[in-house]
Amino acid sequence: MTEMLLRYFRTKQQEVQTEKVHDTQCPFCSMQCKMELIEQSSVTRKKYLTVGKDNPTSEGRLCIKGLNAHQHALHKERIKHPLLKVDGEFKQISWKEALELIKEKFTEIQANYGKDALSIYGSATITNEEAYLLGKFARVALQTKYIDYNGRLCMSSAASAAAQTFGMDRGFTNSIKEIPHSRCLVLAGTNIAECQPTIMPYFENAKENGSFIIAIDPRETATTQMADLHLKVKPGMDAALANGLLKVIIEEGLIDETFIEKRVNGFDEVKDYVTSLDLNEIADITGVPVDHIIKAATVFGKEESGMIFTARGIEQQTDGSTTVRNFLNILLATGKIGKKYSGFGAVTGQGNGQGAREHGQKADQLPGYRSIENEEHRKYIASIWGIDEKELPRKGVSAFEMIQKMDEGEIKGLFLMCSNPVVSNPSAEFVKQAIEKLDFFVAVDMFVSETARLADLILPTTSYLETPGTMTNVEGRVTLREASFPVRGEAKHDWEIICEVAEALGKGKYFSFASPEEIFNELREATRGGIADYSGITYERLRKEKGILWPCPDEDHPGTERLFLQEFAHADGKALMAVVSNTPEVPKETPNDEFPLYLTTGRVMSHYLTGVQTRKSSTLAARDFESYMEIHPSTAEKYQIMDNVLVKIESKRGSIVVRSKWSPTIRKDTVFVPFHWAESQNVNRLVSKKLDPTCRMPGFKVSAVKISPIES
Ligand SMILES: Nc1nc2c(c(=O)[nH]1)N[C@H]1C(S)=C(S)[C@@H](COP(=O)(O)OP(=O)(O)OC[C@H]3O[C@@H](n4cnc5c(=O)[nH]c(N)nc54)[C@H](O)[C@@H]3O)O[C@H]1N2
Ligand SMILES: Nc1nc2c(c(=O)[nH]1)N[C@H]1C(S)=C(S)[C@@H](COP(=O)(O)OP(=O)(O)OC[C@H]3O[C@@H](n4cnc5c(=O)[nH]c(N)nc54)[C@H](O)[C@@H]3O)O[C@H]1N2
Ligand code: SF4
Ligand SMILES: [Mo]
């Protein structure tokens, strides 16, 4: 080799001096794809590359968001120190000062206004350990009844429907690997192609195997394009549509009588109601032609196996919980649950959408899916926590209702962890004003989000690259995220922050944890014997077995792949069908002379929730850099709105301005706007405060609006 060549290779070698591999799981959706961040350092620069890692759920796949997740985690705007607002500007302070201030303010508020004047707003993006700890922090350290979390806006309808119908709520009743073998798959208000992209091969395989896919959505999406039959329902009319399907199934004799007899209560009432309905009328109110209803019902009823998947399209409604129940009625009437390749899937949203709804962040809940109003449950958890049962608060109110209490002045302080409610809650301007009324507001975040900007104090936290812990994915599989990327600046893990604040408040002895694993071991005990029983799961097993599906009641138990094989979780072992009226208890907005169009909202592939993270990722932001309104060209022409122009959208609550996007495949009476943008593009300025009376879910998917072109 010549001298020159040798020199060339030497410099090449020096360029890549070291390569480090960091294990983690994607910070975004419920697939919780396992990944590695490869960090290559040379003298001149560092390079990062994210690659997928094999696991039973996502099988090594990643979508565009996962591939670029590191861009936001490594972003220069990550907060690295506690920030205190002084004269309207954030100024860096020490942790010691931050903790002293929290102690002073929290103590003062509770002394003046009582324990319940403090509130906690949590999240389904934090780990199981952190969700568990936050619930314990509310009840033990602050002793306030006011805690709830962003999952209220996400999973609460499906959770309450499953709990009422089956007696327990695990999003998927079957493991994901059964999907390719099911003969008929219903996708009701779910856009998996954009929202859980790495799940798609399971459905594509099903299709290759001859499964019939039915999608229900007012728009055409990458998901409905895969379907054999697309029911283009009017927004908000899914409960009535399910009644139509049930009517055909029952009248055509496509029910499973033996199953109903043995395993179901309430069938006769449902039968009496749906047979009294008129199918033409259902077609009229739902906008789905009679022959489509008959086709969908017949295929689903006749096939030997079938699964129904629901997501926010039918759930984020002021009748979301009963609508989901009506789809569960279909499963029960046809006996398509508790057996091979048949079951229910409420497609969970956030990374820990499943786990974070099991361990006590909900207003009425204690760990293991226990109830805070059940005397035995209270005693058990009090014993685990080493407190007197009488010290445990009772149930509080839902996320949005807490914000209403801030507005009314009953709640004076807020500890917010991992959410951006001024963008994600309905009637966003109202929410902002309510939060501005607080006496003291602490936000724990990685960035100065639109909500954190309103805080008195921001505490810097760590990201998915840095925080280890368990996340329960879309299947109900508990997975261990092994994250060990160096923490940036003075940021601390969410669990550390909770423990340190508790310590500052004089409750340190209940929060003396040194690692997530220690917290998990307490969580295991707290869930023992509960519905969501994690007691048999250990970190060691999670490493060896690549995740375990709960319930897992002891260390020799393999976990539970398929639920309800012999019985449901109600005391009598039976599932409960319920009549769901075509006319919901809370009337929905319908288009009228002043507001003539339906507005529905949702997501796009490249952005995540309120966009705080994905808008900071250059690759993702470049794909969609602003919000838009999808509209049918013939509707657009009626309102003189050209393609790709700015348009004002108004509801009774407020107005926004976004860009028009013509789409010949959306319903003509409906426009669609994603919710990933803030301020004047925040679609939640338009959404009403009405909530589902059972689960308190807002009606994000139906508003009546008017539209007009912006004069240039
Ligand atoms: N890319 C991306 N992926 C995500 C997220 C994200 O923000 N971005 N968020 C994650 C989270 S937290 C969640 S909860 C999930 C959400 O996942 P999805 O629920 O699948 O997402 P959405 O877009 O909110 O709504 C799904 C579909 O419902 C349709 N829809 C609207 N109104 C109605 C209606 O009245 N009836 C019916 N049948 N359908 C209707 C919409 O047109 C949309 O295509 O996604 C997760 N994954
Ligand atoms: N119109 C309309 N509104 C909706 C919906 C809809 O479909 N339509 N969907 C609803 C749904 S399903 C959901 S889930 C909600 C979600 O809405 P939000 O709860 O507001 O969720 P994010 O936008 O993810 O906000 C998370 C915040 O936490 C920060 N963060 C990220 N990771 C961490 C962490 O590990 N720890 C801490 N402490 N902070 C972290 C992020 O920087 C960000 O500021 O929005 C709801 N709002
Ligand atoms: S966003 Fe969801 S599907 Fe995409 S990589 Fe992350 S976890 Fe996987
Ligand atoms: Mo969600």
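The structure presented is a predicted model; accordingly, all values stated were derived computationally and were not measured. (Residues numbered from 1 in each chain as written. Chains lettered and ligands numbered in written order. Predicted model: local features only at pLDDT ≥ 70, side-chain atom pairs only at ≥ 80, totals over all residues. Heavy atoms only, no water.)

Draft legend 1. Structural context of the site of ligand 2. Taken together, 30 residues lie near ligand 2, and Asn150, Ser419, Asp445, Thr610 and Asn684 sit nearest. In this structure, an oxygen atom belonging to ligand 2 sits 2.6 Å away from a side-chain N or O atom of Asp445. Here a nitrogen atom of ligand 2 sits 2.7 Å away from a polar atom, N or O, in the side chain of Asn684. Taking 930 Å² as the accessible area of ligand 2 by itself, protein coverage stands at 97%. (Near = heavy atom within 4 Å. Polar contact = N/O pair within 3.5 Å; in protein donor to acceptor, adjacent residues only side chain to side chain. Areas by Shrake-Rupley, 256 points an atom, 1.4 Å probe, with all protein chains shown as cover.)

Draft legend 2. Molecular detail of the side chain of Ser427. Looking at the secondary structure, you find Ser427 in the loop between α18 (421-424) and α19 (428-436). Taking relative accessible area as the criterion, Ser427 reaches 6% and is therefore assigned buried. Non-local contacts of Ser427, meaning those with residues more than four positions away in its chain, are made with Arg653, Asn684, Val687, Ser688 and Lys689. (Helix = DSSP H or I, 4+ residues; strand = E, 2+ residues; numbered from the N terminus. Buried < 20%, exposed > 50% of the residue type's maximum accessible area, 1.4 Å probe, protein only. Contact = heavy atoms within 4.5 Å.)

Draft legend 3. Examining the state of the cysteines more closely. With the rule as written, the count across this model stands at zero disulfides. Here Cys499 is not disulfide-linked; the sulfur of Cys418 is the nearest cysteine sulfur, at 17 Å. Taking relative accessible area as the criterion, Cys499 reaches 9% and is therefore assigned buried. (Disulfide = S-S within 2.5 Å.)

Draft legend 4. Main features of the site of ligand 1. Residues in contact with ligand 1 amount to 35 residues; listed here are only the nearest, Asp217, Gly236, Asp238, Arg603 and His607. Interatomic distance of 2.9 Å between a side-chain N/O atom of Thr600 and a nitrogen atom of ligand 1. Between ligand 1 and Lys701 there is a distance of 2.8 Å, counted from an oxygen atom to a side-chain nitrogen or oxygen. In isolation ligand 1 exposes 910 Å². Once the protein is present, 100% of that is buried.

Draft legend 5. Examining the nonpolar core more closely. Core analysis: the largest hydrophobic core is formed by 125 residues, its most contacted members being Phe137, Phe166, Phe415, Leu457, Leu459 and Phe511. Here this core takes nine residues from helix α5 (residues 128-142), the largest share from any one element. Of the domains in this structure, domain 2 (83-154 + 355-512) and domain 3 (157-347) are the two that each give at least three residues to this core. Ignoring anything within four residues of it in the chain, the contact list for Phe511 reads Leu133, Lys136, Phe137, Val140, Ala141, Ile498, Cys499 and Ala502. (Core = buried A, V, L, I, M, F, W, Y, C linked by side-chain atoms within 4.5 Å. Domains from an automatic or database assignment.)

Draft legend 6. Expanded view of the packing of aromatic side chains. Evaluation of the coordinates by the stated rule reveals 15 aromatic pairs. A centroid spacing of 4.9 Å and a plane angle of 45° characterise the contact between Phe28 and Tyr608, whose relative ring orientation is tilted. One end of the pair, Phe28, is in the loop between β1 (18-25) and β2 (34-41); the other, Tyr608, is in the loop between β23 (597-602) and α23 (618-623), with 580 residues separating them in the sequence. Each of the two residues, Phe28 as well as Tyr608, counts as buried. With centroids separated by 5.4 Å and ring planes inclined at 50°, the aromatic side chains of Phe520 and Tyr539 adopt a geometry described as tilted. On the criterion of sequence distance, the pair formed by Phe520 in helix α21 (residues 516-527) and Tyr539 in helix α22 (residues 539-545) is long-range, its members being 19 residues apart. Accessibility assignment for this pair places Phe520 and Tyr539 in one class, buried. Through a chain of ring-to-ring contacts, three or more aromatic side chains come together here, namely Phe166, Phe259, Phe344, Phe564 and Phe568. Positioned above the aromatic ring of Phe672, the side-chain terminus of Arg219 is 3.6 Å from the ring centre. Here the basic side chain of Lys689 rests over the ring of Phe430, its NZ or CZ set 4.0 Å away from the ring centre. (Phe/Tyr/Trp six-rings, centres within 6.5 Å; stacked < 30°, edge-to-face > 60°. Lys NZ or Arg CZ within 6 Å of the ring centre and 35° of its normal.)

Draft legend 7. Region of interest: the side chain of Thr635. By secondary structure assignment, the location of Thr635 is in helix α24 (residues 633-638). Taking relative accessible area as the criterion, Thr635 reaches 6% and is therefore assigned buried. In contact with Thr635, not counting residues within four places along its chain, are Leu597 and Lys668.

Draft legend 8. Structural view of the sheet that holds β1. Read from one edge to the other, the open sheet built from three strands follows the order β1-β2-β3, with strand pairing classed as antiparallel. The open sheet has two edge strands, β1 and β3 (46-52), and neither has a second partner. Shown here is a sheet whose adjacent strand axes are inclined to one another by a mean of 20°, direction ignored. Of the pairings in the sheet, the one linking β2 to β3 comprises seven bridges and is antiparallel in character. Bridge pairing in β3 places Gln40 opposite Lys47. (Pairing = 2+ DSSP bridges. Axes fitted to C-alpha atoms, helices over the stretch in contact; angles between N-to-C directions.)

Draft legend 9. Spatial organisation of the domain arrangement of the protein. In terms of domains, the protein is made up of domain 1 (15-73), domain 2 (83-154 + 355-512), domain 3 (157-347) and domain 4 (597-709). In this structure, domain 1 and domain 4 have C-alpha centres spaced 31 Å apart. At the junction of the two partners, domain 1 supplies seven residues and domain 4 supplies 12 residues. Between domain 1 and domain 4, the buried area comes to about 910 Å², and carbon and sulfur atoms account for 64% of it. Among the residues domain 1 hides against domain 4, the three largest losses belong to Phe28, Ile64 and Lys65. Together they make up 53% of the total. Connecting domain 1 to domain 4 are zero salt bridges. Our count for the contact surface shared by domain 1 and domain 4 stands at seven residue pairs in polar contact (both at pLDDT 80 or more). Looking at the side of domain 1 that touches domain 4, the elements with two or more residues in it are α2 (64-67) and α3 (69-73). (Buried area = accessible area lost by both parts, 1.4 Å probe. Salt bridge = Lys/Arg side-chain N within 4 Å of Asp/Glu carboxyl O.)

Draft legend 10. Up close: helix α6 (residues 156-166). Taken across its 11 residues, α6 has nine buried, putting it largely inside the fold. Of all the residues in α6, the buried ones are Ser156, Ser157, Ala158, Ala159, Ser160, Ala161, Ala162, Thr165 and Phe166. Looking at the packing, one finds that the buried side of α6 touches α14 (312-315), α15 (320-333), β13 (343-346) and β22 (575-576). Remark: Gly167 follows α6 within two positions and exhibits a positive phi of approximately 90°.

Draft legend 11. Expanded view of the sheet that holds strand β21 (residues 548-549). If you walk across this open sheet you meet the three strands as β19-β20-β21, and the pairing is antiparallel. Only two strands of the sheet have a single partner each, and these edge strands are β19 (469-472) and β21. By the bridge criterion, two bridges tie strand β20 (residues 477-481) to β21 in an arrangement that is antiparallel. Bridge pairing links Val478 to Ile548 in β21. The strands that α5 touches are β19 and β20; relative to β19, the one it contacts most, it runs at about 95°.

Draft legend 12. Local environment of the environment of Asp116. Position of Asp116 among the secondary structure elements: in the loop between α4 (95-113) and β6 (118-122). Between the alpha carbons of Asp116 and Ala138 there is a distance of 9.9 Å; along the sequence they are 22 residues apart. Look past the residues within four positions of Asp116 in its chain and what remains in contact with it is Gln143, Thr144, Lys145, Tyr146, Glu410 and Ile411.

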